[in-house]
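# Survey of secondary and tertiary structure
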Amino acid sequence: MGAETGKRMAGDYVIIHALHIGDREIVLGENPEGIGDERYMCAFCQSNGLMAGYTEVMVSNDYPELVKLFGERVAEQAEKTRIALNGPKIQGIHNTPITAEGCEVIGYQHDLHGKIVVIKQEVLRPEYRRATSQLQLCTGGFGASPNSRGTACHCTELYSGKTSYFQRSDILGVIEPEKLPKWAKHYLEILRQEQQAEKKARDREGR
């Protein structure tokens, strides 16, 4: 964000359009003071919440040209994401979103360390509002402790192994391992084996 204007900035460019789908965000920016061929820009953006990086940056003074590029990149990224998210269907995974009826709803008195948590649908972007993205192993964070002032919970997605963090308020509930669907039990076992192997490797290095 621009400190003075409150607008989202990428260098001298004001971001006027942005769409995040899958693992990438496509942005279109305008530099009102830009001259020559650098008035508008289109790029991919990746952010860790603190810093943003821009790649495959294209600049032009031809607005329709860059809007066309923006649309093409959105379409390409949407198709890439569609193919990736079709994986569970091919595997025969029943990927209906999990609701409160499908888990044990938690309160702030619950300890979430090592628990299988269910992320609320509305927290996830539309393309990820499905069981394979909701089911996560909570591995730590101040928010995992009961009655903690901290809110961040470190989680690992069972299906992909991707790590991220959520606020405790983002968590709908928990599911005991024995109540998980068959596919989730399979990926949980793989995840735990990987964690044990990593721990053994660290222990050997510490000797």
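One can find the structure itself at the top, above this paragraph.
Attention here is on the structure that accompanies the text. (Residues numbered from 1 in each chain as written. Predicted model: local features only at pLDDT ≥ 70, side-chain atom pairs only at ≥ 80, totals over all residues. Heavy atoms only, no water.)

## Comments concerning the nonpolar core
Counting 18 residues, the largest nonpolar core has Ile-116, Val-118, Leu-135, Leu-158, Ile-175, Leu-180 and Trp-183 as its most contacted members. The element contributing the most residues to this core is helix α4 (residues 182–206), with five residues. With twelve residues, the next largest nonpolar core counts Ile-106, Leu-124, Cys-138 and Val-174 among its residues. (Core = buried A, V, L, I, M, F, W, Y, C linked by side-chain atoms within 4.5 Å. Buried < 20%, exposed > 50% of the residue type's maximum accessible area, 1.4 Å probe, protein only. Helix = DSSP H or I, 4+ residues; strand = E, 2+ residues; numbered from the N terminus.)

## Quick look at the sheet that holds strand β6 (residues 104–105)
An order of β6-β11-β7-β8-β9-β10 is seen for the six strands of this open sheet, with the pairing classed as antiparallel. Of all the strands in the sheet, the pair left with one neighbour each is β6 and β10 (163–167). Sheet analysis places strand β9 (residues 152–157) next to β10, joined by five bridges and oriented antiparallel. Considered in β10, the bridge of Cys-153 is made with Phe-166. Packing against the sheet, α4 makes contact with β7 (116–119), β8 (135–140) and β9, and its axis sits at approximately 25° to β8. (Pairing = 2+ DSSP bridges. Contact = heavy atoms within 4.5 Å. Axes fitted to C-alpha atoms, helices over the stretch in contact; angles between N-to-C directions.)

## Re the packing of aromatic side chains
All chains considered together, the criterion is met by four aromatic pairs. Between Tyr-40 and Tyr-63, the aromatic rings sit 5.1 Å apart at their centres with planes inclined by 55°, giving tilted as the arrangement. One end of the pair, Tyr-40, is in strand β4 (residues 40–47); the other, Tyr-63, is in helix α1 (residues 63–85), with 23 residues separating them in the sequence. Its relative accessible area of 14% is what places Tyr-40 among the buried residues. Pairwise contacts between aromatic rings join Tyr-159, Trp-183 and Tyr-187 into one cluster. (Phe/Tyr/Trp six-rings, centres within 6.5 Å; stacked < 30°, edge-to-face > 60°.)

## Observations regarding the environment of Arg-130
Here Arg-130 shows up in the loop between β7 and α3 (131–134). Note on Arg-130: relative accessible area 24%, which makes it partly exposed. Taking the C-alpha atoms as reference points, Arg-130 and Ile-21, separated by 109 residues in sequence, lie 15 Å from one another. Leave out the neighbours within four places in its chain, and Arg-130 touches Leu-85, Asn-95 and Pro-97. Separated by 3.2 Å, the side chain of Arg-130 and the backbone oxygen of Glu-127 make a polar contact. (Polar contact = N/O pair within 3.5 Å; in protein donor to acceptor, adjacent residues only side chain to side chain.)

## A short note on unusual backbone geometry
Unusually for a residue other than glycine, Glu-56 sits at a positive phi of about 50°. Positioned with a positive phi, Asn-147 is a non-glycine residue whose angle comes to about 55°. For Asn-147, the location among the structural elements is in the loop between β8 and β9. Looking at Asn-147, the relative accessible area reads 59%, which means it is exposed.

## Re the environment of Pro-146
Summarising the element assignment, Pro-146 is placed in the loop between β8 and β9. According to the relative accessible area criterion, Pro-146 is partly exposed, its value standing at 33%. Residues Pro-146 and Lys-115 lie 31 residues apart in sequence; the distance between their C-alpha atoms is 13 Å. Those residues in contact with Pro-146 that lie beyond four places of it in its chain are Tyr-108, Gln-109, His-110 and Asp-111.

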